[in-house]
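A structural walkthrough
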Amino acid sequence: MKKSIFVTQPNMPDLEEFVPYLQKIWDNKILTNNGPMHHELELRLKEYLGVPEISLFNNGTIALLTALQAERITGDVITTPFSFIATANSLVWNGVRPIFSDIDPSTFNLDPSKIEAAITPQTTAIMPVHCYGTPCDVEAIEKIADNYNLKVIYDAAHAFGVRNSKGSILNYGNLSVLSFHATKVFNTFEGGAIISPDAKTKKRIDNLKNFGILDETTVVAPGINGKMSEISAAFGLVQLNHIDGAIAKRREIDGLYRSGLQNIGGITLPKRTTDYALNYSYFPVLVEPDYPMDRDSLYEHLKSIGVYSRRYFYPLMSEFPMYRGIRSSDPSNLPVASAIASKILCLPIYPDLSLNDVGRIIDEIGLVT
Ligand SMILES: *Cc1c(COP(=O)(O)O)cnc(C)c1O
């Protein structure tokens, strides 16, 4: 292959479609602070996602930080080691200690049967991640949280639009946090959001993301600047016009990968739930010991022909220097996550990836001997 194929590529609308939104911003000169684009995007996302309340943010990480502040989380929080580093970092920035608990080998999400053993007297909350947009076992997590009086804050950065017959996956837990980063299914250049259950909670979150300012002379909390700009909100409005088509294209690519890779020895495809409408945000495979080369060699081989896959999430968060010293980071506590991290490879998937290129990637993986 001559041209480079990256693991993802943002879905760009025609520039002409964006220009009228820019014109509006130039006309009204409102660039941020809860402007009309911001307001409209909140309304349209609430409707599209099927959630009670949404607060937009400048990125997903600030949204995670603010979600923990809004729920006044302290002490220890149980989380997965198999995630992007922002998950654990957001805990530490709140003075909270992450407690890593092992994952389920088929969903790559927190294994509910392991959570109870990880609870300490200081535990106040669970922060699960819907990894790759695959839903966590939300019912089991809710039961544990109820039994032990814990809050649940979902890092739902991968779970935009994921829903079952009862509705959005984002409606579980106390809060859910989305990322609208350029690499995610729905993007606003940089951006994020917190889904909350009621207007009172949204109000607290909106206050925290605006420095804690209530009015001109009243500041009620040590808040932060988490506001989404008008230009990002405008881009979100344009993205939203095309999101269903973009997810449909991802589904088609996902299907082609599945049928092409399922019979290649040593390549395992994660099991797929049929209970949920998914967003096909990633295409993870496991490179098993009986594949002719190891995971890193396949990663390098693909790179040598211009195909840039990614080893998400290797190393585990618990392997990085700032988390290695925590007792729960010991690999003996995380056998499943450690094994998955050594075998995982995410293949390119994005709406503009041609089926022809997908076919060539499949062929390349099948030809390795
Ligand atoms: C992308 C991502 C984040 C961070 O979101 P940003 O918008 O990039 O700050 C957090 N958690 C997970 C699991 C992510 O993939």
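To keep things clear, this report deals only with the structure shown in the data block. (Residues numbered from 1 in each chain as written. Predicted model: local features only at pLDDT ≥ 70, side-chain atom pairs only at ≥ 80, totals over all residues. Heavy atoms only, no water.)

Looking at the overall build of the protein chain
Formally: We count a stretch as a helix when DSSP gives it H or I for four or more residues in a row; a strand needs E for two or more, and each element gets its number in order from the N terminus. The globule rule used here is 2.2 Å times the number of residues to the 0.38 power, and the radius of gyration it is set against is calculated over C-alpha atoms. By the convention used here, residues are in contact when the closest approach between their heavy atoms is within 4.5 Å. Residue-level accessible areas treat just the shown protein chains as cover; the underlying method is Shrake-Rupley with a 1.4 Å probe. Asp and Glu are treated as the negative residues and Lys and Arg as the positive ones, with His and the ends of the chain left uncounted. Charged side chains are reduced to one point each, which is NZ for Lys, CZ for Arg, CG for Asp and CD for Glu.
Looking only at helices and strands, one finds 13 helices and 17 strands in the protein chain. Compactness check: the protein chain gives a C-alpha radius of gyration of 21 Å against a globular reference of 21 Å for 369 residues, within 12% of the reference. Each principal axis of the C-alpha atoms in the protein chain carries an extent, and together these give about 70 × 55 × 40 Å. Considering only intrachain contacts with a sequence separation of at least 6, the fraction spanning at least 24 residues in the protein chain is 70%. Carbon together with sulfur atoms contributes 54% to the accessible area of the protein chain, which is approximately 16,500 Å² in total. A distance of 2 Å separates the average location of the 34 positive side-chain charges in the protein chain from that of its 40 negative side-chain charges.

A look at the side chain of S55
The condition that has to hold: Think of it in three bands: residues with accessible area under 20% of the maximum for their type are buried, residues over 50% are exposed, and the middle band is partly exposed, with areas taken using a 1.4 Å probe on protein chains only. Between N or O atoms, a polar contact is any pair within 3.5 Å; within protein, one atom must be a potential hydrogen donor and the other a potential acceptor, and residues adjacent in sequence are included only when both atoms are from side chains.
For S55, the location among the structural elements is in strand β2 (residues 53-57). For S55, a relative accessible area of 0% puts it in the buried group. A polar atom in the side chain of S55 sits 2.8 Å from the side chain of D206. Leaving out residues up to four positions away in the same chain, S55 has contacts with E42, G192, A193, I194, K202, I205, D206 and K209.

Some remarks on the sheet that holds strand β15 (residues 283-287)
The criterion, for reference: Strands are labelled as partners when DSSP assigns at least two bridges between them. Axis definition: a line fit to C-alpha positions, over the contact stretch in the case of helices; interaxial angles, taken between N-to-C directions, run 0 to 180 degrees.
With respect to topology, three strands assemble into an open sheet ordered β13-β15-β17, the strand pairing being antiparallel. On the outer flanks of this sheet lie β13 (267-268) and β17 (344-347), each paired with one strand and no other. In the packing of helix α12 (residues 335-343) onto the sheet, contacts are made with β15 and β17, and the angle to β17 comes to roughly 50°.

A few points about the site of the ligand
The line we're drawing: The criterion for a residue being near a molecule or strand is simple. One of its heavy atoms has to lie within 4 Å of it. Three classes are used, and their members are as follows: Ala, Val, Leu, Ile, Met, Phe, Trp, Tyr, Cys and Pro are nonpolar, Asp, Glu, Lys and Arg are charged, and the others, Gly among them, are polar.
With respect to spatial proximity, 14 residues lie near the ligand, and among them T61, D155, H158, S179 and K184 are the closest. The side chain of S179 places a nitrogen or oxygen atom 2.7 Å from an oxygen atom of the ligand. Compared with its free state, where it exposes 380 Å², the ligand has 92% of that area covered by protein. For the shell around the ligand, the elements supplying multiple residues, two or more each, are α3 (60-70) and α4 (86-92). When its residues are assigned to classes, the shell around the ligand shows three nonpolar, nine polar and two charged.

Function cannot be read off these values alone, since they describe shape.
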